[in-house]
Amino acid sequence: GVPTEEDVYEILKFIPIHWGNLGGLNITPIIKKKHIRVSSILQWLRRQPKFFEVRNIAGTLEVRRAITLHPDHHGKSFEEAEQWLKERILSGEHNSVSTANTMGATSLAAVAVHKFLVRVAPGYFVAPELLFMRYSKKGLNPKDLVTAAKEHLTTFELLECSDGSFLMRRRTGADSSKWRADFEKDLESHPEDIKGLVALMGRSSCLWDRPQYMYVRLLESEQILVGGFEGMMELMKRHPLIFRVGENYFKRVNLSDPSTIDAPEPTGFEETCPHEEENVYVGHRDLATVFHYVSPDDSTINAAQLVECASPAMKPVSYTHLTLPTKRIV
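Just so it is clear, the structure is predicted and the values come from calculations on it, not from any experiment. (Residues numbered from 1 in each chain as written. Predicted model: local features only at pLDDT ≥ 70, side-chain atom pairs only at ≥ 80, totals over all residues. Heavy atoms only, no water.)

**Some points on the nonpolar core**
With 31 residues, the main nonpolar core has Leu117, Leu131, Tyr281 and Met314 as its most contacted residues. Within the residue set of this core, elements represented by two or more residues are α5 (108-120), α6 (128-132), α7 (142-150), β4 (156-160), α10 (211-217) and α13 (284-294). In terms of residue count, α5 provides more of this core than any other element does, five residues in total. Non-local contacts of Leu131, meaning those with residues more than four positions away in its chain, are made with Phe116, Leu117, Val120, Ala121, Pro122, Val126, Leu145 and Met168. Ala174, Met201, Tyr215 and Met233 belong to the second largest nonpolar core, which has 27 residues in total. (Core = buried A, V, L, I, M, F, W, Y, C linked by side-chain atoms within 4.5 Å. Buried < 20%, exposed > 50% of the residue type's maximum accessible area, 1.4 Å probe, protein only. Helix = DSSP H or I, 4+ residues; strand = E, 2+ residues; numbered from the N terminus. Contact = heavy atoms within 4.5 Å.)

See the structure below:
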């Protein structure tokens, strides 16, 4: 039957504001039976264009709430969002699930890299090294991710720094035309800081983290580059549109999501924004480095103790069965 208002509002509870994988919605069979009542959830979503948006990125189906429902998260007024949606519907582009990029004879490896970037690249500019840490296949380097992004500039956006390094983002959230100029001005305000900033961008995300935990994970050459721990803190404070430094924590500023910019600094591990589940602690090696630093001399630390001194940025990582020999790092 025709979806009711109750049906739509119930399914909206499972739909993210920004693009997410259609297969990861976790809508229970009972909810589907009661509120969708058709075999294809994709087709059901496509038929409600004023509430849901779907797209096909290199064979991966993604969904989000219509931008008219949360225009502020996309850097638009309600009128701008409504006009954008109207033009998309009239052109036939809205909720089309034909492949959003023309792959042609592109190799399967290139398709895999593209799908990986779609999955992990955030809406704010990051160093490709940060994304590369999560790429498990061999035979690539961070520059290859930049090359792949250049092939799909409708999906990704690149920024070349004055020192020749690149930053990249996925086109999601607030349109960068509203904030990119201010970001670039902050980035280039101290040209001597750029290499250090890029190094820090490779170890941080918009999840709150302790600055000490980032510092001990830097290479020795990077620690020298940023001027030691105190120099690193001053560097971040000089660039308020790139890093936000609180009393105990710091994080990347996500200009693509204005609702998170002024979020209060957390007081404990459990406080974090659910839609910012980015993992900068890729594996146990990162965790081991941090807890090797914080643990007492000549003792061991168990999973429960790790959680007590963890930061919100560590939340996406499992600590189960992790016991580390310890020695304080000075």
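**Looking at the packing of helix α9 (residues 194-201) against helix α12 (residues 228-237)**
One can describe the packing of α9 onto α12 by two numbers: an axis separation of 11 Å at closest approach and a directional angle of 95 degrees. Judged by the angle between their axes, α9 and α12 are roughly perpendicular. Between α9 and α12, the contacting residues are Gly196, Leu197 and Leu200 on the first element and Met232, Leu235 and Met236 on the second. (Axes fitted to C-alpha atoms, helices over the stretch in contact; angles between N-to-C directions. Parallel < 35°, antiparallel > 145°, perpendicular 65-115°, else oblique.)

**Concerning the pairing of strand β3 (residues 60-65)**
Buried residues dominate β3, accounting for five of its six residues. Examined bridge by bridge, strand β1 (residues 20-21) and β3 share two bridges and lie antiparallel to one another. Across the sheet, the residue bridging to Gly20 is Val63, located in β3. Note: strand β2 (residues 52-57) against β3, six bridges, orientation antiparallel. Residue pairing in the sheet places Glu53 in a bridge with Arg64 of β3. (Pairing = 2+ DSSP bridges.)

**Digging into the pairing of β4**
Counting buried residues in β4 gives four out of five residues, a clear majority hidden from the surface. Across five bridges, the pairing between β4 and strand β5 (residues 166-170) is antiparallel. The residue of β5 that forms the bridge with Leu158 is Met168. The loop that links β4 with its antiparallel partner β5 comprises five residues; one of these, Gly164, has a positive phi angle of about 95 degrees.

**Observations regarding the sheet that holds β3**
The strand order across the open sheet built from three strands is β1-β3-β2, with neighbouring strands paired in antiparallel fashion. Each end of this open sheet is capped by a strand with a single partner; those strands are β1 and β2.

**Some details on helix α2 (residues 29-36)**
Within α2 the residues assigned to the buried category are Ile31, His35 and Ile36. Take α2 and look down its axis: the buried residues cluster within an arc of 80 degrees, on one side only. Seen from the open side of α2, the exposed residues pointing more than 90 degrees away from its buried face are Pro29, Ile30, Lys33 and Lys34. Summarising the contacts, the buried residues of α2 are in contact with α1 (5-12) and α3 (41-46). Just downstream of α2 lies Arg37, where phi reads positive at about 60 degrees. (Arc of directions from axis to C-beta.)

**A closer look at the side chain of His73**
Locating His73 in the fold gives a position in the loop between β3 and α4 (78-91). Those residues in contact with His73 that sit more than four places away from it in its chain are Ile17, His18, Gly173, Ala174, Ser256, Asp257, Pro258 and Ser259.

**Focus on the packing of aromatic side chains**
On inspection of all chains with the given rule, the structure shows seven aromatic pairs. Where Phe125 meets Trp179, the ring centres are 5.8 Å apart and the plane angle is 65 degrees; that geometry is what we call edge-to-face. Here Phe125, found in the loop between α5 and α6, pairs with Trp179, found in the loop between β5 and α8 (180-187); they are 54 residues apart in sequence, far enough to count as distant. A single burial state applies to Phe125 and to Trp179, both of which are buried. A centroid spacing of 5.8 Å and a plane angle of 85 degrees characterise the contact between Tyr215 and Phe229, whose relative ring orientation is edge-to-face. Taken as a pair, Tyr215 in helix α10 and Phe229 in helix α12 lie far apart in primary sequence, 14 residues in all. The class for Phe229 is partly exposed, based on a relative accessible area of 24%. Chaining the aromatic ring pairs together yields one cluster made of Trp44, Phe51 and Phe52. (Phe/Tyr/Trp six-rings, centres within 6.5 Å; stacked < 30°, edge-to-face > 60°.)

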